[in-house]
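# Coordinate inspection notes
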Amino acid sequence: LTREGRRSILRQFLKRRRFLEEDFQRETQLEMQKAADSCAILSLSDFGNNARMWKEYAGGGTGVCLVFNTYLLHQSFKSSLTKGVPFKVSYIDRLPKLQVPVGRDHDHIERVFLTKTLPWAHEREWRLVLPEQIDRQIGFLDLEFDPKCLVGAFVGARATGEDEARIRDWASQAPSPVSVQRVSL
């Protein structure tokens, strides 16, 4: 082979290799997305009366934020079918680039599900990730916990009086005291 012939073969090889790597990367991303879509993620926060959070979530202040005794909640999750505890989300400048092939080890799960960028740090989020727990018929996870874990509720500033009354009635029937407060933004 001539020098130019060897270069041509090398260029073709590198072009084919790049195509295979891109194809593999695309397939891996699809598989990762499928895995993520099959997980249920319960998002929790350290606080429930943050004005920015009420604006971004809970129907712009029309919803409700539940307050849990975290110790009892952890105990409830450990003893239930959930078999997990929430983990604190880390906030960093830029999301890490995941290398392929990826494993199913704890570090990989942490990078995918427990890492967000700094603009989200105000959320002070905790997440409970439950692989393959979503009920496809209803589209979400029906998560049960010991009712004694619930200790309070914040009612959104823009919630209707009727909604607040329903929440107060519901709280009055709880097995242990549940404080209900209206958020003022």
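Summarised in this report is the structure supplied together with it. (Residues numbered from 1 in each chain as written. Predicted model: local features only at pLDDT ≥ 70, side-chain atom pairs only at ≥ 80, totals over all residues. Heavy atoms only, no water.)

### Quick look at the overall build of the chain
- In terms of regular secondary structure, the chain is built from six helices and eight strands.
- Each helix (α) and strand (β) of the chain, taken in turn from the N terminus, gives the series α-β-α-α-β-α-β-β-α-β-β-β-α-β.
- Expressed as a percentage of its 185 residues, the buried residues of the chain come to 25%.
- A sequence separation of at least 24 residues applies to 77% of the contacts in the chain between residues at least 6 apart. (Helix = DSSP H or I, 4+ residues; strand = E, 2+ residues; numbered from the N terminus. Buried < 20%, exposed > 50% of the residue type's maximum accessible area, 1.4 Å probe, protein only. Contact = heavy atoms within 4.5 Å.)

### Digging into the sheet that holds strand S1 (residues 40-45)
- A sheet is described by the order of its strands in space; here three strands give the open sequence S1-S6-S3, paired in antiparallel fashion. Of all the strands in the sheet, the pair left with one neighbour each is S1 and strand S3 (87-88).
- Pairing analysis gives two bridges linking S3 to strand S6 (residues 125-130), with the strands arranged antiparallel. From the neighbouring strand, Phe-87 faces S6, where its bridge partner is Arg-127. (Pairing = 2+ DSSP bridges.)

### Some points on the nonpolar core
- By size, the foremost hydrophobic cluster in this structure holds 12 residues: Leu-44, Phe-68, Leu-73, Cys-149, Leu-150, Ala-153, Val-155, Ala-159, Ile-167, Ala-171, Val-178 and Val-180.
- Elements that contribute at least two residues to this core include exactly strand S7 (150-155) and helix H6 (161-172).
- Looking at which element gives the most residues to this core, the answer is S7, with three residues.
- Discounting residues that sit within four places of it in the chain, Ala-171 has contacts with Val-178 and Val-180. (Core = buried A, V, L, I, M, F, W, Y, C linked by side-chain atoms within 4.5 Å.)

### Let's talk about H6
- With 12 residues, H6 ought to run about 16 Å at 1.5 Å a step, and its terminal C-alpha atoms sit 16 Å apart, in line with that.
- Buried within H6 are the following residues: Glu-164, Ile-167 and Ala-171. For H6, the angular spread of buried residues about the axis comes to 65 degrees, placing them on one side. When the buried face of H6 is taken as reference, the exposed residues oriented beyond 90 degrees from it are Glu-162, Arg-166 and Ser-172.
- Lining the buried residues of H6 we find strand S2 (64-68), S7 and strand S8 (179-182). (Expected span 1.5 Å × (residues − 1). Arc of directions from axis to C-beta.)

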